Amino acid sequence: MKERLLKRVRRWNTEDQTSINDIDGNDLIESVKQDVESLLNTRRGTVLIDDEMGLPDLTHLSNGYSQPDVDSLQQNVVQQIKRYEPRLSSVVVKFIGDQTATVQLAFNLSAQLLQEKQNLTFSAKILMNENGSASVSL
């Protein structure tokens, strides 16, 4: 199981020297959730080391959206997670609709998370807000 580089460095700087294999499954799931949320809140072209990292600007969706817009966004979310979150496999993202009177697109994310040679089920709800921000909840 690979732990993110900056999280390893942060852990090395603390006195608590737990290994990645000692991390509780729930803590690992929470860590992945936070990283996916950060990834989906990153705008493409803003990361200096990789121009492809992040989602395209979504503010145009505040004027309404069509099925091709939703399909494109769904495909972008899947591609970003598969490319930049290697701890998840078998990634499936399904559109579940517009959740409120304001534009807020909702998706279900389901994937497998490998920990200590066993698969954990990772399931989350992704809300894309009209301002382009994303929130991920378990």
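Note that this is a predicted model, so its numbers are computed, not measured.

Novice: What is the right way to look at unusual backbone geometry in this model?
Specialist: Phi is mostly negative for residues that are not glycine, and the peptide bonds are mostly trans. In this structure, S90 is a non-glycine residue whose phi angle is positive, near 50°. Secondary-structure assignment places S90 in strand 1 (residues 88–98).

Novice: What exactly am I supposed to notice about the nonpolar core here?
Specialist: A general tendency of soluble globular proteins is for nonpolar side chains to be buried together. L73, L88 and M128 are the most contacted members of the largest nonpolar core, which has 28 residues in total. Counting residues per element, the ones that place at least two in this core are helix 2 (25–40), helix 3 (67–84), strand 1, strand 2 (104–115), strand 3 (118–129) and strand 4 (134–137).

Novice: Explanation requested: the pairing of strand 4 in the structure shown.
Specialist: Two faces belong to every sheet, and in a regular strand the side chains alternate between them. Burial along strand 4 is one-sided: the residues A134 and V136 are buried and none of S135 and S137 is. Relative to strand 4, strand 3 runs antiparallel, the two being bridged by four bridges. Opposite I126, over in strand 4, you have V136 as the bridge partner.

Scoring rules and cut-offs
Residues numbered from 1 in each chain as written. Predicted model: local features only at pLDDT ≥ 70, side-chain atom pairs only at ≥ 80, totals over all residues. Heavy atoms only, no water. Helix = DSSP H or I, 4+ residues; strand = E, 2+ residues; numbered from the N terminus. Core = buried A, V, L, I, M, F, W, Y, C linked by side-chain atoms within 4.5 Å. Buried < 20%, exposed > 50% of the residue type's maximum accessible area, 1.4 Å probe, protein only. Pairing = 2+ DSSP bridges.

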